[in-house]
Every structure is written in C-alpha cells, then in structure tokens.
Amino acid sequence: MTVLVALPVLLPLAAAGLSLALGRFADLQRFLGLLVLGAIIVDAAVLLHVSDQSGPIVLQMGDWPAPFGITLIADRLSALLLVVSSVVTFAVLIYSIGQRITDYGRERSSTTFHPMYLMLCAGVSLAYLTGDLFNLFVAFEIMLSSSYVLITRRTTASRVRAGMTYTIVSLASSLLFITMIALVYASTGTVNLADLGTKVAELPHGLQVALALLVVIVFGVKAAMVPLHFWLPDSYPTAPAPVTAVFAGLLTKVGIYALIRTQTLVFSHAESWDLMLGIALITMIVGALGALAQNDLNRLLSFLLVSHIGYMLFGLGVYDVIGLTGVILYVVHHITVQATLFLVSGLITRHSGTVALTRMGGMAKATPLIAVLFALPALSLAGIPPFSGFVAKLALLQAGVGSGSVTGYAVTAGAVLTSLLSLYAMARVWTRAFWGQVKAPAPDPDPTDELVVGTASSNRPMLAATGVLVAASLVIALVAGPLGEIAGRAAGDLMHGETYRTAVLGGGSGG
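- An unreviewed UniProt entry annotates the chain as Na+/H+ antiporter subunit D of Saccharopolyspora rhizosphaerae.
- Heading Sequence similarities (unreviewed entry) of the UniProt record for the chain holds this comment: "Belongs to the CPA3 antiporters (TC 2.A.63) subunit D family."

## Here we look at the overall build of the chain
Right, on to step 1. The secondary structure content of the chain amounts to 20 helices and two strands.
Right, on to step 2. Against the globule reference of 24 Å for 511 residues, the chain gives a C-alpha radius of gyration of 22 Å, in line with a compact fold.
Right, on to step 3. Projected onto its principal axes, the C-alpha positions of the chain cover 65 × 55 × 40 Å.
Right, on to step 4. Taking all 511 residues of the chain together, the buried fraction comes to 60%.
Right, on to step 5. Long-range contacts, defined here as pairs at least 24 residues apart, represent 82% of the contacts in the chain between residues at least 6 apart.
Right, on to step 6. With an accessible surface of roughly 18000 Å², the chain has 70% of that area assigned to carbon and sulfur atoms.
Right, on to step 7. In the chain, 25 side chains carry a positive charge and 23 a negative one; their mean positions are 14 Å apart.

## A closer look at the packing of aromatic side chains
Note on aromatic pairs: each is described by the distance of the centres and the angle between the planes.
Right, on to step 1. Tallied over the entire structure, the rule returns eleven aromatic pairs.
Right, on to step 2. Between the aromatic rings of phenylalanine 137 and phenylalanine 177, the centroid separation amounts to 5.5 Å while the plane-to-plane angle is 90 degrees, which identifies the pairing as edge-to-face. Taken together, the residues span a long stretch of sequence, with phenylalanine 137 in helix H5 (residues 133-151) and phenylalanine 177 in helix H6 (residues 157-188) at a distance of 40 residues. An identical accessibility class is assigned to phenylalanine 137 and phenylalanine 177; each is buried.
Right, on to step 3. With a relative accessible area of 0%, phenylalanine 177 lands in the buried category.
Right, on to step 4. By way of ring pairs, the aromatic residues Phe134, Phe137, Phe140, Phe177 and Phe219 are connected into one cluster.

## So, the packing of helix H10 (residues 241-266) against helix H13 (residues 321-352)
Right, on to step 1. Running from N to C, H10 and H13 point in directions that differ by 165 degrees, and their axes come no closer than 7 Å. As judged from the angle between their axes, H10 and H13 are roughly antiparallel. Of the two elements, H10 crosses H13, and the hand of that crossing is right-handed. Residues Ala241, Pro242, Thr244, Ala245, Ala248, Gly249, Leu250, Lys253, Ile256, Ile260 and Thr264 of H10 lie in contact with H13, whose contacting residues are Leu324, Val327, Val331, His334, Ile335, Gln338, Ala339, Phe342, Leu343 and Gly346.
Right, on to step 2. Residues belonging to the contact of H10 with H13 are distributed by class as follows: 14 nonpolar, six polar and one charged.

## Examining the side chain of serine 170
Right, on to step 1. Tracing the sequence through the fold places serine 170 in helix H6.
Right, on to step 2. With relative accessibility at 10%, the residue serine 170 sits in the buried group.
Right, on to step 3. Among residues more than four places away in sequence, those in contact with serine 170 are Leu144 and Lys222.

## What about the packing of H13 against helix H15 (residues 368-381)?
Right, on to step 1. Relative orientation of the contacting elements H13 and H15 amounts to 150 degrees, with a least axis distance of 9 Å. By the angle class used here, H13 and H15 are roughly antiparallel. Every pair of crossing elements has a handedness; the one defined by H13 and H15 is left-handed. The segment H13 lies against H15, with Tyr330, His333, His334, Val337, Gln338, Thr340, Leu341, Val344, Leu347, Ile348 and His351 engaging Ile370, Leu373, Phe374, Pro377, Ala378, Ser380 and Leu381.
Right, on to step 2. Of the residues assigned to the contact of H13 with H15, the class counts are twelve nonpolar, six polar and no charged.

## A word on the pattern of salt bridges
Right, on to step 1. If you walk through the whole model with that rule in mind, you get seven salt bridges.
Right, on to step 2. Where aspartate 75 meets arginine 261, a salt bridge forms, and the shortest distance between an N and an O atom there is 2.9 Å. One end of the pair, aspartate 75, is in the loop between strand S2 (71-74) and helix H3 (76-104); the other, arginine 261, is in helix H10, with 186 residues separating them in the sequence. Comparing aspartate 75 with arginine 261, the two get one shared label, buried.
Right, on to step 3. Here the salt bridges do not stand alone but share partners, grouping Asp52, Arg76, Arg489 and Asp493 into one network.

## Quick look at unusual backbone geometry
Right, on to step 1. With an omega dihedral of 10 degrees, the bond running from valine 226 to proline 227 counts as a cis peptide bond.
Right, on to step 2. Inspection of the secondary structure assignment puts proline 227 in the loop between helix H8 (205-223) and helix H9 (232-235).
Right, on to step 3. Of note, the phi angle at alanine 224 is positive, near 65 degrees, even though the residue is not glycine.
Right, on to step 4. Inspection of the secondary structure assignment puts alanine 224 in the loop between H8 and H9.

## A closer look at helix H4 (residues 113-129)
It helps to recall that an α-helix has 3.6 residues per turn; residues three or four apart then point in one direction.
Right, on to step 1. Look at H4: 24 Å from first C-alpha to last across 17 residues, which is about the 24 Å you get at 1.5 Å a residue.
Right, on to step 2. Across the 17 residues of H4, 15 count as buried, placing the element largely inside the fold.

## What to know about the environment of valine 401
Right, on to step 1. With respect to the helices and strands, the residue valine 401 is situated in helix H16 (residues 388-402).
Right, on to step 2. A sequence separation of eleven residues divides valine 401 from threonine 412, and the C-alpha atoms of the two residues are 6.9 Å apart.
Right, on to step 3. Excluding anything up to four places from it in sequence, valine 401 contacts Tyr409 and Thr412.

## Considerations on the confidence of the model for the chain
Right, on to step 1. Of the residues in the chain, 93% have a pLDDT of 70 or more, and the chain-wide mean is 88.
Right, on to step 2. Here H9 is the element of the chain with the lowest mean pLDDT, 81, and H4 is the one with the highest, 94.
Right, on to step 3. Taken together, the stretch residues 507-511 has pLDDT below 50 and engages in 17 contacts with residues farther than four places along the chain or on a different chain.

## Observations concerning the pairing of S2
Right, on to step 1. Residues Thr71 and Ile73 line one face of S2 and the alternating positions Leu72 and Ala74 line the opposite face, and both faces are buried.
Right, on to step 2. Examined bridge by bridge, strand S1 (residues 57-60) and S2 share four bridges and lie antiparallel to one another. The residue of S2 that forms the bridge with leucine 59 is leucine 72.

What counts as what
Residues numbered from 1 in each chain as written. Predicted model: local features only at pLDDT ≥ 70, side-chain atom pairs only at ≥ 80, totals over all residues. Heavy atoms only, no water. UniProt positions renumbered as here; feature names shortened; annotations may be inferred. Helix = DSSP H or I, 4+ residues; strand = E, 2+ residues; numbered from the N terminus. Rg over C-alpha atoms; globule rule 2.2 N^0.38 Å. Buried < 20%, exposed > 50% of the residue type's maximum accessible area, 1.4 Å probe, protein only. Contact = heavy atoms within 4.5 Å. Areas by Shrake-Rupley, 256 points an atom, 1.4 Å probe, with all protein chains shown as cover. Lys, Arg positive; Asp, Glu negative; His and termini not counted. Charge placed at Lys NZ, Arg CZ, Asp CG, Glu CD. Phe/Tyr/Trp six-rings, centres within 6.5 Å; stacked < 30°, edge-to-face > 60°. Axes fitted to C-alpha atoms, helices over the stretch in contact; angles between N-to-C directions. Parallel < 35°, antiparallel > 145°, perpendicular 65-115°, else oblique. Left-handed = near helix turned anticlockwise from the far one by under 90°. Nonpolar A, V, L, I, M, F, W, Y, C, P; charged D, E, K, R; others polar. Salt bridge = Lys/Arg side-chain N within 4 Å of Asp/Glu carboxyl O. Expected span 1.5 Å × (residues − 1). pLDDT = per-residue confidence, 0-100. Pairing = 2+ DSSP bridges.

Shown next, in the form of structure tokens:
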C-alpha cells in the first residue's frame with residue numbers, strides 16, 4: 001500500500017520524460033498524459049479511502065527512518081486535495097487537447113506542453129505528499145520551472161513581461177523559502193515536519209514568532225495573499241486558458257495548503273489568530289474591489305481569485321476545528337470552480353475575440369451552452385445556495401460567529417460583504433457578455449501567439465471538459481454531508497497533530 005504514496009509523483013515524472021521522447025507522435029503524447037492522470041485519480045481515491053479508514057499512509061524513501069530520510073505521507077487532507085486536483089488536471093488536459101486539435105489539427109504535436117504539464121502535476125502532488133520542508137521547496141521549484149515554460153510558450157513581448165514578473169517574484173519567494181529552511185534547520189537540527197512540531201516548541205518564544213512570520217510571508221507570496229498578491233493579476237491573464245485554469249485552480253491552493261500544514265503542525269496557536277484574521281479581511285476586500293474595477297475578464301477573475309484566498313485565510317485565522325473544516329471545504333470548492341471559470345473564459349474569448357467586457361454581448365443567444373457553463377460556477381463562487389460555494393462559506397461564517405471575538409465578527413461581516421461584491425462582479429460579466437445584441441467576433445490581435453481567438457468555434461472535448469468540472473462542483477454540493485464529515489476529521493487531525501507525528505516518527509512503514 002505504501003508504494004501508492006509515491007505514484008502521484010513518480011508516474012508524471014517518468015511520463016514527462018517519455019512524452020518528450022514521443023514528441024513527434026501527437027496521439028501517443030495525448031494518450032500517455034490522459035492515462036497517467038487517470039491513474040493518479042484512481043490512486044488518490046484509494047489513498048483517501050485508506051487514510052480516512054485506517055490513518056495516514058507513510059512511505060520512508062530508501063528505508064531511511066524519519067527524521068533522517070525523505071518521508072512521503074498521505075493523510076486525509078493531502079489525499080482529499082490530491083483527488084480534487086487530479087480531477088481538475090485531467091479535465092484541463094482534455095480541454096487543452098481539444099483546443100490544440102481545433103487550432104492546429106490532429107497531427108501536430110507539442111514537444112513542450114505535455115512534458116511540462118506532467119512536470120507541473122508531479123510538483124503539485126509532491127507538495128501535498130511530502131513530509132519535510134526541503135522537499136516542499138523542491139516541489140515549488142518543480143512547479144515554478146514548468147509553469148514558466150507553460151506561461152511563455154510561443155512567446156510575445158507582453159507574455160515575456162508577464163512571465164518575468166511571475167518568475168522574479170517566485171524566485172524572490174524561493175530565496176526567502178530556502179533562507180527560512182536554513183534558519184529552521186540551524187535552530188532545530190531538522191526539516192522533517194513531524195519532528196519540527198516538537199522541536200520548534202522548545203525554542204524561545206521570540207524565535208518561534210519570527211520563524212512563523214517568515215513562513216507566512218513565504219507561503220503568502222505563493223498563495224497571493226494581500227499585500228503580496230500584486231504579481232498574480234499581471235501574470236495569469238496572459239496565458240492560454242488551460243494554463244491559466246490550472247494555475248488559478250491549483251498553484252495558489254498549494255500555497256494555502258503549505259500555510260495550513262506548517263501553521264498547525266509546526267507552529268501552534270492557543271486561540272484565534274488576530275493577525276491572520278486581519279490579513280484575511282484585507283485580502284477579501286481588496287481583491288473584490290480590484291475585480292470591480294476591471295474591464296478585462298481574465299483580470300477580473302484573477303482579482304476574484306485573490307479575494308477568495310481571504311476566505312481560506314479566514315478559517316485558518318479562527319483556528320479551531322470548525323474554521324479548519326471550512327477552509328478545507330472552501331479549498332475543495334475553489335480549486336474546481338476557479339479552474340472552471342477560466343476555462344469558460346477561454347471559450348468566451350474564442351467566440352468574442354476579446355477579453356474586454358465592453359466589446360462583448362449577446363452570447364446567451366449565440367452560445368447558450370457557454371452561458372450555462374458560466375452561470376453555474378459563477379453562482380457557486382458568489383456563494384448562492386445550494387451550490388458548493390454556499391456550503392463552504394456557511395461553515396466559515398459559523399466559525400467566525402462562534403469565535404466570540406470582535407475580530408472574528410468583523411471578518412465575518414467582511415466575508416458577507418465580499419460575497420455580495422463577488423455576486424455583483426459576476427452579474428457585471430453576465431450583463432455585458434451574455435445579454436444584449438449579438439456582436440461579431442473581434443479579429444485575433446496576434447495570430448502568431450498561442451492564443452487563438454475570434455474563431456467562434458470550440459469543439460466537443462473543450463465543452464465536455466468544462467462540463468465535467470461544472471458537474472464536479474455540483475457533486476461537491478450534493479455530497480456536502482459526507483464531504484463535510486471527512487473535512488471535519490481532517491481538521492481534527494490538523495488541530496491535534498499527534499496522529500501525523502506518530503505515523504511518521506513512530507513506526508511508519510518503510511519502502
């Protein structure tokens with residue numbers, strides 16, 4: 001069973017190399033990518049079932065015992081996020097394959113996209129499953145290197161600028177990250193997360209606070225937390241829709257996951273965390289107001305992405321089982337819905353030829369299916385019942401009200417206000433893009449780049465992949481009861497880290 005923990009990392013890494021060798025055989029590349037990601041979905045589902053029933057599954061690489069060796073561990077939280085992320089990456093790959101066939105024909109292969117996409121998936125899996133800080137750093141570097149290639153394929157000047165912003169900020173964050181690891185190791189003599197949980201508690205209080213704040217800054221950049229969010233709205237909107245969708249759906253959530261894992265397992269808080277609650281409120285409001293100021297559809301969605309990161313920080317700031325349950329539910333919901341909205345944005349752009357809302361119109365008449373595919377995740381993002389966004393927000397609001405602190409009440413009110421602003425932003429998109437008279441598609445402003453727009457065409461795989469993610473968000477709402485129970489048990493594990501520590505340090509299986 002322990003070998004299943006390594007497969008989500010090893011399979012895409014091996015497949016990336018094989019895909020590169022198969023660069024001249026387009027159909028084989030596509031089949032390989034879908035086969036590997038489909039296998040990871042099955043593997044992740046098994047890991048979730050076993051970890052929920054029997055506890056964390058631990059693999060000590062090379063049979064070196066923790067904390068000296070490399071540990072991979074699948075517990076309820078990591079396995080749940082791995083399942084959701086694998087479904088999203090699988091659907092986005094189908095969309096990407098359909099888009100490329102439509103634009104360039106079935107026989108034209110890509111020597112870079114499939115290998116880099118699989119590398120990105122491996123980095124995401126490693127981030128969820130690793131049991132130490134250094135390999136968490138390695139996971140982020142894998143994601144950075146592959147994402148830079150994906151964001152700058154068939155480069156134009158504007159995309160080079162966006163790619164450089166993304167890369168420079170990511171490299172600065174990586175320098176802080178490796179510095180933080182060095183300081184942690186110098187202070188404790190270990191980077192194993194389970195071992196750090198006891199070693200950090202023995203440090204002087206001031207040093208604990210300094211290290212905790214450094215961790216917040218490092219992962220705050222990765223998660224696009226205000227005021228460390230400035231890179232995201234300039235970077236994501238320039239990439240093709242499949243790339244933007246997987247970035248928006250996964251990369252910031254990996255930052256949130258790392259923040260949750262370290263702030264519960266390594267550092268601890270006796271009560272609600274007022275600093276994080278304040279950051280959550282600012283993030284929610286600034287992101288929502290930024291979205292309302294946008295005429296570019298992708299930038300609007302990017303600012304809403306920033307805003308809704310605040311909800312996840314809100315649950316972490318409350319710092320109890322209910323709050324962390326809300327965070328987990330919100331991450332699951334947001335991975336699916338945000339990726340869906342960026343895929344729909346790609347469909348809209350292909351038909352309208354533009355991302356400017358003022359130049360769109362009448363798409364509900366021209367393309368009613370795309371209108372439905374937009375409306376459902378938009379309502380979920382705004383938190384309208386009975387969609388998945390409502391279920392996740394309800395848990396967070398209950399946690400905020402139950403916190404009993406003035407700060408908790410203030411952030412709860414801010415969360416309600418942000419939901420209304422999100423609904424207004426989605427209504428703006430709907431009225432400008434889907435209502436009114438049908439407008440002719442604008443011509444493609446740059447036919448030489450990777451983005452092909454204004455074609456008024458999208459094939460069945462693109463629509464089907466988007467529909468799968470819409471259906472996934474509906475399923476999340478339908479199974480809110482069982483999912484909430486799993487999230488509650490995962491939150492209990494986070495609040496009481498002994499289960500994780502015992503699994504890693506007290507007899508985890510070798511491999």
